[in-house]
2 protein chains.
Amino acid sequence: MLVYLDCDPGIDDALALGYLLAHPDVELALIGSVSGNTDAATAAANARDLLELFGHPEIPVAVGRTDFLSHPYSGGAPHVHGNNGIGGVQLPGGAAPFAPGSAAEELVGLARSRPGELHVLAIGPLTNLAVALEIDPELASLVADVVVMGGAALAPGNVTAAAEANIHNDPEAAAAVFAAGWDVTLVPLDATMFQRFEQGDLDALLAGGPRAAALGRMLETYYAFYTQHFGRPSSALHDPLAAAVLTGEAVVSRASRVPVVVDTGDGPGRGQTIAELRGRYRPVAPEHPEGVRVVFDIADPFAPQLLARLLAL
Amino acid sequence: MLVYLDCDPGIDDALALGYLLAHPDVELALIGSVSGNTDAATAAANARDLLELFGHPEIPVAVGRTDFLSHPYSGGAPHVHGNNGIGGVQLPGGAAPFAPGSAAEELVGLARSRPGELHVLAIGPLTNLAVALEIDPELASLVADVVVMGGAALAPGNVTAAAEANIHNDPEAAAAVFAAGWDVTLVPLDATMFQRFEQGDLDALLAGGPRAAALGRMLETYYAFYTQHFGRPSSALHDPLAAAVLTGEAVVSRASRVPVVVDTGDGPGRGQTIAELRGRYRPVAPEHPEGVRVVFDIADPFAPQLLARLLAL
């Protein structure tokens with residue numbers, strides 16, 4: 001499958017990137033960077049360095065928007081992802097030049113060159129996708145589908161009580177993406193908070209080859225953050241889970257296709273995803289074919305599959 | 001226990017009133033009416049007629065605010081509660097005069113006359129409570145505790161995807177009540193949607209004495225609404241469950257005391273309750289002694305207890 005990856009590496013972004021490169025069915029055609037865990041320029045450099053590490057310097061990286069649609073970027077999440085976005089790990093720098101166009105422009109060009117073939121995987125704020133939809137109003141019909149890591153349907157948020165970080169960073173962009181009429185699958189905290197790497201997974205990565213070990217060293221920072229939340233060394237697998245929902249390796253066992261709106265106001269719910277889930281009290285929930293497919297659970301724990309892929313990098 | 005009941009009967013309000021009158025530990029000192037399921041004047045008349053039906057015409061009823069803090073009352077929920085608020089059932093009218101003061105004024109007077117003793121049970125919009133807090137800023141310290149039926153913490157809403165009707169009707173009032181510093185227990189849809197009367201309970205009421213049978217006739221309207229949602233003749237026990245949480249007959253088995261804010265904006269989340277539940281990923285959720293106690297579940301199904309009380313009316 002032909003894939004465009006929009007990301008803000010980001011430690012779990014690095015895992016997702018490694019996962020995609022290790023998956024035999026994925027043709028990763030382009031990476032766009034976006035601000036979120038870190039700024040878009042740093043995210044692009046991290047993506048390039050990760051591609052170098054993983055032996056794929058030929059995959060182009062396009063730098064995306066630094067600022068969000070309604071407000072400027074203001075500093076990312078160094079307490080989660082370290083000061084450089086990848087846990088303070090210093091990678092040998094990749095030398096490949098960035099793509100000439102912005103992430104949004106390159107995405108549009110790629111979608112136009114391979115109409116109907118492109119799968120979009122967005123694991124950061126949705127700024128680039130919204131800009132691309134503005135650049136080319138036909139984009140939605142040119143893309144096969146869109147998988148987004150983000151939001152919280154019935155689960156609590158993470159950056160606020162109601163909102164998840166990717167959507168909260170750029171609610172206006174998310175609202176545009178959900179309303180664009182393409183086939184969107186949302187992989188929210190409801191699903192990702194329950195797919196985790198534990199201490200044994202980290203140990204296995206650190207004992208693996210240099211690529212896996214580098215990911216392990218990044219994860220040590222991520223674990224330090226999540227240990228406060230989960231009470232033990234471990235981490236949620238937000239971004240790689242979304243990647244595996246795209247490939248189909250994570251088999252979705254519970255999902256609802258429903259209207260999803262984003263709170264773009266300035267109240268306590270800003271940036272939350274409000275999914276129309278009132279139908280779940282019915283014996284058979286009503287169908288909303290135009291809605292967003294919200295993933296609630298997958299059939300089997302994803303960590304073993306992810307670990308195996310990353311050890312084979 | 002000395003109880004002030006603030007209500008908008010309302011079919012499940014009628015069940016809650018019957019339950020309170022049938023409970024030997026409850027001294028129902030005053031009823032205040034509020035707009036919600038129907039307008040405040042109709043709600044007051046219904047309360048008076050229900051008191052007559054149940055043999056307690058001596059309990060005073062005070063008429064509450066018709067309009068909400070930020071906007072006028074605009075028609076209630078006749079599709080749920082019938083055109084007269086109690087399923088179209090015509091009761092022999094009670095003749096007792098209403099209390100001289102407004103519901104808020106009478107609540108303040110009662111709390112002042114029995115400081116520390118009064119338990120407030122609010123099963124409609126929180127307008128009267130907010131007005132009472134304005135009238136007497138010391139009210140919060142005069143009341144023993146407050147139990148509210150309303151909101152949706154992690155469950156979907158009912159009137160919107162995010163909001164429950166009582167809170168949505170007057171979000172500004174709810175925000176004031178949650179912030180007043182008294183001991184508030186919230187019984188939201190997360191709990192009430194799963195406590196239900198089924199066909200057998202309705203049949204038993206209809207076959208009971210005249211008081212139970214009148215409640216059964218009201219419930220037929222309520223069942224007609226809920227059958228669309230639950231797929232079978234049944235009804236959620238929103239208001240009576242809150243009454244039983246107050247009495248302690250419904251034993252709370254799962255609750256979190258957390259900060260709760262109300263979305264008072266004009267976006268898609270208006271009127272929702274946003275509970276700070278991010279701590280639930282931790283092995284031990286942090287304590288918020290100043291928070292609202294949000295009830296998620298009770299130990300045993302409540303329907304049999306409620307049915308027994310109502311049949312004994």
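Residues numbered from 1 in each chain as written. Chains lettered and ligands numbered in written order. Predicted model: local features only at pLDDT ≥ 70, side-chain atom pairs only at ≥ 80, totals over all residues.

(A) Summary view of the overall build of chain A. A tally of regular secondary structure across chain A gives 13 helices and 12 strands. Here the C-alpha atoms of chain A give a radius of gyration of 18 Å, agreeing with the 20 Å that 2.2 N^0.38 yields for 313 residues. Seen through its C-alpha atoms, chain A measures out along the principal axes to roughly 50 × 45 × 35 Å. Here chain A holds 313 residues, and the buried ones make up 58% of them. (Helix = DSSP H or I, 4+ residues; strand = E, 2+ residues; numbered from the N terminus. Rg over C-alpha atoms; globule rule 2.2 N^0.38 Å. Buried ≥ 20, exposed ≤ 12 C-beta atoms within 10 Å, placed from the backbone.)

(B) Geometry of helix α2 (residues 40-53) of chain B. Residues and elements named next belong to chain B. Over its 14 residues, α2 extends 20 Å from the first C-alpha to the last, a length consistent with the 20 Å expected when each residue adds 1.5 Å. In terms of burial, α2 is a largely internal element, 12 of the 14 residues being buried. The elements touched by buried residues of α2 are β1 (2-7), α1 (11-22), β2 (27-33), β3 (61-62) and α11 (210-230). Note on α2: the residue one or two positions beyond its end, G55, has a positive phi of about 80°. (Expected span 1.5 Å × (residues − 1). Contact = placed C-beta atoms within 7 Å.)

(C) View of the interface of chain B and chain A. Taken residue by residue, the interface counts 28 residues in chain B and 28 residues in chain A. Mapped by element, the contributors of at least two residues to the side of chain B that touches chain A are α11 and β11 (273-275) of chain B.

(D) Expanded view of the pairing of strand β6 (residues 184-187) of chain A. Residues and elements named next belong to chain A. Residues V184 and L186 of β6 are buried on one face, and the alternating residues T185 and V187, pointing to the opposite face, are buried as well. Inspection of the sheet shows strand β5 (residues 143-149) paired to β6 by 4 bridges, in the parallel sense. Across the sheet, the residue bridging to V146 is V184, located in β6. Sheet analysis places β6 next to strand β12 (residues 292-298), joined by 2 bridges and oriented parallel. In the sheet register, T185 faces β12, and the bridge partner there is R293. (Pairing = 2+ DSSP bridges.)

(E) Layout of the relation of the copies chain B and chain A. After a rotation of 180° and a shift along the axis of 0.0 Å, chain B superposes on chain A with an RMSD of 0.0 Å. Within this description, the copies of the chain are treated as partners about a two-fold rotation axis. It is L154(B) whose C-alpha, among those of chain B, lies nearest the rotation axis, at 2.5 Å. In this assembly the copies share their binding face: 100% of the residues contributing to the interface of chain B also contribute to that of chain A. (Least-squares fit on C-alpha atoms with pLDDT ≥ 70 in both.)

(F) Fine view of the sheet that holds β1(B). Residue and element names in this part refer to chain B. Strand order in the open sheet formed by 8 strands is β3-β2-β1-β4-β5-β6-β12-β9, and the pairing between neighbours is mixed. With partners counted over all chains shown, the strands left at the sheet margins are β3 and β9 (252-258), one partner each. Here 5 bridges tie β1 to strand β4 (residues 118-122), and the two strands are oriented parallel to one another. Bridge pairing in β4 links D6 to A122.

(G) Quick peek at the nonpolar core. Ranked by internal contacts, the top residues of the largest apolar core, which has 214 residues, are L121(A), A242(A), L121(B) and A242(B). Leaving out residues up to four positions away in the same chain, L121(B) has contacts with V3(B), Y4(B), L5(B), V147(B), A242(B), A243(B) and L246(B). (Core = buried A, V, L, I, M, F, W, Y, C linked by C-beta atoms within 7 Å.)

(H) Representation of the sheet that holds strand β2 (residues 27-33) of chain A within the structure. All names here are of chain A. Strand order in this open sheet of 8 strands is β3-β2-β1-β4-β5-β6-β12-β9, and the pairing throughout is mixed. Of all strands in the sheet, those with a lone pairing partner are β3 (61-62) and β9 (252-258), marking the two edges. Across 6 bridges, the pairing between β9 and β12 is antiparallel. Bridge pairing links R254 to D297 in β12. Each of β1 (2-7), β2 and β3 is contacted by helix α2 (residues 40-53), which is oriented at about 150° to β2, the strand it contacts most. (Axes fitted to C-alpha atoms, helices over the stretch in contact; angles between N-to-C directions.)

(I) A look at α2(A). Taken as a whole, α2(A) has its buried residues at A40(A), T42(A), A43(A), A44(A), A45(A), N46(A), A47(A), R48(A), D49(A), L50(A), L51(A) and L53(A). Buried residues in α2(A) make contact with β1, α1 (11-22), β2, β3 and α11 (210-230) of chain A.

(J) Local environment of the packing of helix α10 (residues 199-206) of chain B against helix α13 (residues 303-311) of chain B. Residues and elements named next belong to chain B. Where α10 contacts α13, the axes come no closer than 10 Å and their chain directions differ by 10°. Of the possible angle classes, the one that applies to α10 and α13 is roughly parallel. Within the contact between the two elements, α10 uses D201, A204 and L205 and α13 uses A303, L307, L310 and L311. Looking at the contact of α10 with α13, its residues break down into 6 nonpolar, no polar and 1 charged. (Parallel < 35°, antiparallel > 145°, perpendicular 65-115°, else oblique. Nonpolar A, V, L, I, M, F, W, Y, C, P; charged D, E, K, R; others polar.)

(K) Examining the environment of E172(B) more closely. All names here are of chain B. Tracing the backbone through its elements, the reader meets E172 in helix α8 (residues 171-178). Overall, E172 belongs to the partly exposed group, with 17 C-beta atoms counted inside 10 Å. Each C-alpha atom of the pair E172 and G265 lies 9.5 Å from the other, and the pair is 93 residues apart in sequence.

(L) Here's a closer look at the packing of helix α5 (residues 127-135) of chain A against helix α8 (residues 171-178) of chain A. Residue and element names in this part refer to chain A. The geometry of α5 relative to α8 is characterised by a closest axis approach of 8 Å and an angle of 55° between their N-to-C directions. Relative to α8, α5 is oriented oblique. Our pair here, α5 against α8, has a crossing hand that is left-handed. Facing T127, L129, A130 and L133 of α5, the residues of α8 in contact are A173, A176 and V177. Taken together, the residues of the contact of α5 with α8 sort by class into 6 nonpolar, 1 polar and no charged. (Left-handed = near helix turned anticlockwise from the far one by under 90°.)

(M) Geometry of the environment of F225(B). Residue and element names in this part refer to chain B. Looking at the secondary structure, you find F225 in helix α11. Considered as a pair, F225 and H119 are 106 residues apart in the sequence and their alpha carbons are 31 Å apart. Leave out the neighbours within four places in its chain, and F225 touches H79 and V80.

(N) Up close: the environment of G87(A). Residues and elements named next belong to chain A. With respect to the helices and strands, G87 occurs in the loop between α3 (78-81) and α4 (103-113). The spatial distance from the C-alpha of G87 to the C-alpha of T221 is 5.2 Å, given a sequence separation of 134 residues. Ignoring any residue separated from it by four or fewer positions in sequence, one finds G87 in contact with I11, H81, G82, R217, M218, E220, T221 and Y222.

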